[in-house]
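Tertiary structure, described
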Amino acid sequence: MPSTLDEAEMMIVSMQYGLGAFIAAFHSTMEAYVLGFPFTCRTRSPSMAHQPASFHKNNKHPSNESAIMMSRSIGRNALRHIDVAVIGSGFAGLSAAIEAANSGAERVVIYEKMAKPGGNSVMNAGQIAAVGSPSQIQAGIEDSVELCKKDMLSAGVNLNHPNLLEKMIGTSYETVKWTEEEFGVKYRDRVTQMGGHSVPRTLSTENHCGSDIIDPMLKRVAELPNVELQLNAKFESFILDEGQDQRGRVIGIKVRQGAAEEVYCDKGVVLASGGFSADVPFRSIQTPAFDEKVMTTNQPGATAEVIKESLKISALPVQLSHIQLGPWTSPDEDGFGLAPFFCIGAGFPYGIIVDPATSKRFVNELGNRYERSVAILKMGHPVICLTDSAGAQHSLEKDLEKLKPTLKEHASIAEMAKDYEMDPIVLKATIDSYNSGVAGGDDKEFGKPLRDDLEPIATLPLYSVRLWPKVHHTMGGLQINEDAQVMHVDGYPIQHLFAAGEVTGGVHGGDRLGSCATLDCIAFGRIAGHNVATFDE
C-alpha cells in the first residue's frame, strides 16, 4: 500500500499518453477469459439475464426472407450478412441495438462474449444523472446543463471534451424519459446528491440495481423481430474494405462462437464492449501501479481486446491512462461488493470517514471520487466510514443484515473505538465537532455539503465499514464525435464504425462523477444506434 502522496497520486491517474505503450499493447496476449461470472444483483428480478447461452430472439431461426436479406450485396452470397453488429450487451449495447432496430435496421445482432448478458451494467447501482427531471423541479432544485457541465469539468480536471459533454447532458432527462416510456423503468421520486455534484440530480431505480434497467431492455430485445442476441460470441477483429477512396471503412467483423465466423455488416458496427478495469496487462501498461495487486470492482469481461483491435485499424485513442478508483469499496470483500450500497446512500451523506490511526476526519465525504480516493490512499491503510442508526436507514440496501459481515455494528462510540483500536476520546471529539457543523448548517472543517434532513450522529447503535479503493472505471478509450462515430488518427470518422459507453473516451476527462456513466452509455448508445441504421455515405 502507498505511503506517500506522490505514490497515491501515481496510483490514481497518469497524465502521459505514451503512444509507445499503445503499440506495445498490441502485442500483449489476452488468454483464458472467463466466459461467465457468478455475480447476481441481490435485488434483481428473474429476467432474460438467466436465459441459456443458446438464447435467440423468440427461440426461432431466421425466416427464409431474412436468409435472402442476409445473402445480399457485393456478390458474397455464401457469406453471412446482417445490417448492424453490436459488440457488448450492457446499457450502451442494448440501447444501440434497440434504437437501430427502431430506426429501420432490418437485422441487428448483439454479440456478447460472456455467458450472460449485461456486463458491468447489471452490477451498476441503478443511478443516472439528469438535469431538469420532475423530481428536481418538485424539490425546487435549480440546475442547468451549464452547471452540470461545470461539475463534470471540475472533476475531470478540464480534460473532458466539451462537445461530447454538451451532447450528453443536453439529452439527460430525455434519456431517462426514454427508459421510462420505452421499457417501463421506474425511478424513485427522491433525487439525491452524489459526490462532486453541486446539486442533487441523481435518480435511482426502485431496487437501486442496474438490472432494473437491463432486464426490461433484454425483454424488449426478445420482443423485437429484427434483433438477435448471441452469447459466448467473442469479437476477434474487423473486416475492412481497402478499396480506392474507402480509407479502410469497416464492412464486417470476425466473431468466434466455437468456430470463427466472418459477418458482413451492411450498415455498420457499434462498439459497446465497456472498459478494461479487469484487464491487468493492458491497464498496467497505462498506469504501472495498477498491477495484479490492485483489486477491481468489475466483472471478468471488462477487458481491452476491442480497443486493441480498434487501434490496429488506426482508431484514435484518448486518455487511456485515466483510470478511476472507487472510494467506497471494502478490502473485506471481493469485487464491487456491498459496501458501496451502504456508503453511497448512508455513510458518506449521513456520516463521516475517519483514519483509524488518528481517529479523525481527513476528507470531504462528498468530494469527487478522485479527491476521496487520493485522500484514502495517502493514509496508507484502510479507513473507516461510519454513521448512526438513523443515518444507516438511508442505505441503498435497507436490510442491513444483508450487508454483514462487511458492515459492523457497535453499541457505542467506545465499542467502535475498541473494535478498530482507535482512541475513544479523540473519536468522540471528532464526532462532536462534526455534529456542531451539522447543527450550524456548515461543515467548516472540510466543506461537506449538508443535506436538509441531516441530523447529528447520535442515535445508537453505530454502523461502519472499512474502505480501500479498487479500480472501478476507465475514463479513456476510443475517440468519438457527437454522432458517436469512431475517429481515425488522421482526424476523420472511420466509415460504418460507431461506439458508445466506457469503450470510448473524452466524455469524463480525468475523473468521472457518480451516476454519469449510466447517462453516458444510454445517451450515446441511442445516438450510435440511430446513426448506424440511418448512415448515408
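Not measured: the values here are computed from a predicted model. (Residues numbered from 1 in each chain as written. Predicted model: local features only at pLDDT ≥ 70, side-chain atom pairs only at ≥ 80, totals over all residues. Heavy atoms only, no water.)

1. A word on helix H12 (residues 339–350)
Burial analysis of H12 places twelve of its twelve residues in the buried class, which makes it a mostly covered element. Restricting attention to buried positions, one finds in H12 the residues Ala 339, Pro 340, Phe 341, Phe 342, Cys 343, Ile 344, Gly 345, Ala 346, Gly 347, Phe 348, Pro 349 and Tyr 350. (Buried < 20%, exposed > 50% of the residue type's maximum accessible area, 1.4 Å probe, protein only. Helix = DSSP H or I, 4+ residues; strand = E, 2+ residues; numbered from the N terminus.)

2. Structural notes on the layout of surface pockets
By volume, the largest pocket amounts to about 330 Å³. If you go around the largest pocket, you meet 23 residues; those closest to its centre are Gln 127, Thr 192, Ile 344, Gly 345 and Leu 396. Put simply, the parts of the chain that give the lining of the largest pocket at least two residues each are H12 and helix H13 (369–379). Per-element accounting of the lining of the largest pocket gives the leading share, five residues, to H12. For the lining of the largest pocket, a count of residues per class yields eight nonpolar, nine polar and six charged. (1 Å grid on protein atoms, 1.4 Å probe; cavity = no way out; pocket = protein on both sides within 12 Å on 5 of 7 lines; lining within 4 Å. Points joined across faces, edges and corners; volume = space filled by probe spheres on them. Nonpolar A, V, L, I, M, F, W, Y, C, P; charged D, E, K, R; others polar.)

3. Brief notes about empty space enclosed by the protein
In total, this model carries one cavity of 30 Å³ or more according to the counting rule given. If you add up the space inside the largest cavity, you get close to 700 Å³. What lines the largest cavity is a set of 48 residues, and nearest its centre among them are Gly 119, Asn 120, Ser 121, Gly 274 and Glu 502. When contributions to the lining of the largest cavity are tallied by element, the ones reaching two or more residues are helix H4 (91–102), strand S6 (234–241), helix H11 (305–312), strand S16 (470–474) and helix H17 (516–534). For the lining of the largest cavity, the element with the most residues is H17, which contributes three residues. Here the lining of the largest cavity is built from residues that sort into 18 nonpolar, 23 polar and seven charged.

4. Digging into H17
Taking 1.5 Å as the rise per residue, H17 with 19 residues should run 27 Å; its terminal C-alpha atoms sit 27 Å apart, in good agreement. Here H17 lies mainly inside the structure; 17 of its 19 residues are buried. (Expected span 1.5 Å × (residues − 1).)

5. Digging into unusual backbone geometry
Cis geometry marks the peptide bond from Lys 404 to Pro 405; its omega dihedral reads 10°. Relative to the assigned elements, Pro 405 resides in the loop between helix H14 (389–392) and strand S14 (408–410). At the junction of Leu 460 and Pro 461, the peptide bond is cis and its omega measures out at 5° in the coordinates. Relative to the elements of secondary structure, Pro 461 occurs in the loop between helix H16 (424–440) and strand S15 (462–467). Despite not being glycine, Val 157 has its phi angle at roughly 45°, a positive value. Looking at where Val 157 falls in the secondary structure, it is placed in the loop between helix H6 (145–155) and helix H7 (162–170). Taking relative accessible area as the criterion, Val 157 reaches 44% and is therefore assigned partly exposed. Positioned with a positive phi, His 496 is a non-glycine residue whose angle comes to about 70°. Looking at the secondary structure, you find His 496 in strand S19 (residues 493–499).

6. Looking at the pairing of S19
Counting buried residues in S19 gives six out of seven residues, a clear majority hidden from the surface. Two strands pair when backbone bridges link them, and strand S18 (residues 485–487) and S19 are joined in this way by two bridges, in the antiparallel orientation. When the bridges of S19 are listed, Met 487 appears paired with Pro 493. As consecutive antiparallel partners, S18 and S19 are separated by five residues, and within that stretch Gly 491 has a phi angle of approximately 100°, a positive value. (Pairing = 2+ DSSP bridges.)

7. Regarding the confidence of the model for the protein chain
On average, residues of the protein chain carry a pLDDT of 86, and 84% of them reach 70 or more. This model gives residues 1–78 a pLDDT under 50, and the stretch forms 148 contacts once residues within four places in sequence are excluded. (pLDDT = per-residue confidence, 0-100. Contact = heavy atoms within 4.5 Å.)

8. Quick notes on the sheet that holds S14
By definition, the strands of a sheet pair up through backbone hydrogen bonds, in either a parallel or an antiparallel sense. Taken together, five strands build an open sheet; the order of strands is S12-S11-S13-S15-S14 and the sheet is antiparallel. Where the open sheet ends on each side, the last strands, each with one partner, are strand S12 (360–361) and S14. With two bridges joining them, strand S11 (residues 352–355) and S12 adopt antiparallel strand pairing. Paired with Asp 355 across the two strands is Lys 360, which belongs to S12. H12 rests against S11, strand S13 (383–388) and S15 of the sheet, and its axis sits at about 80° to S13. (Axes fitted to C-alpha atoms, helices over the stretch in contact; angles between N-to-C directions.)

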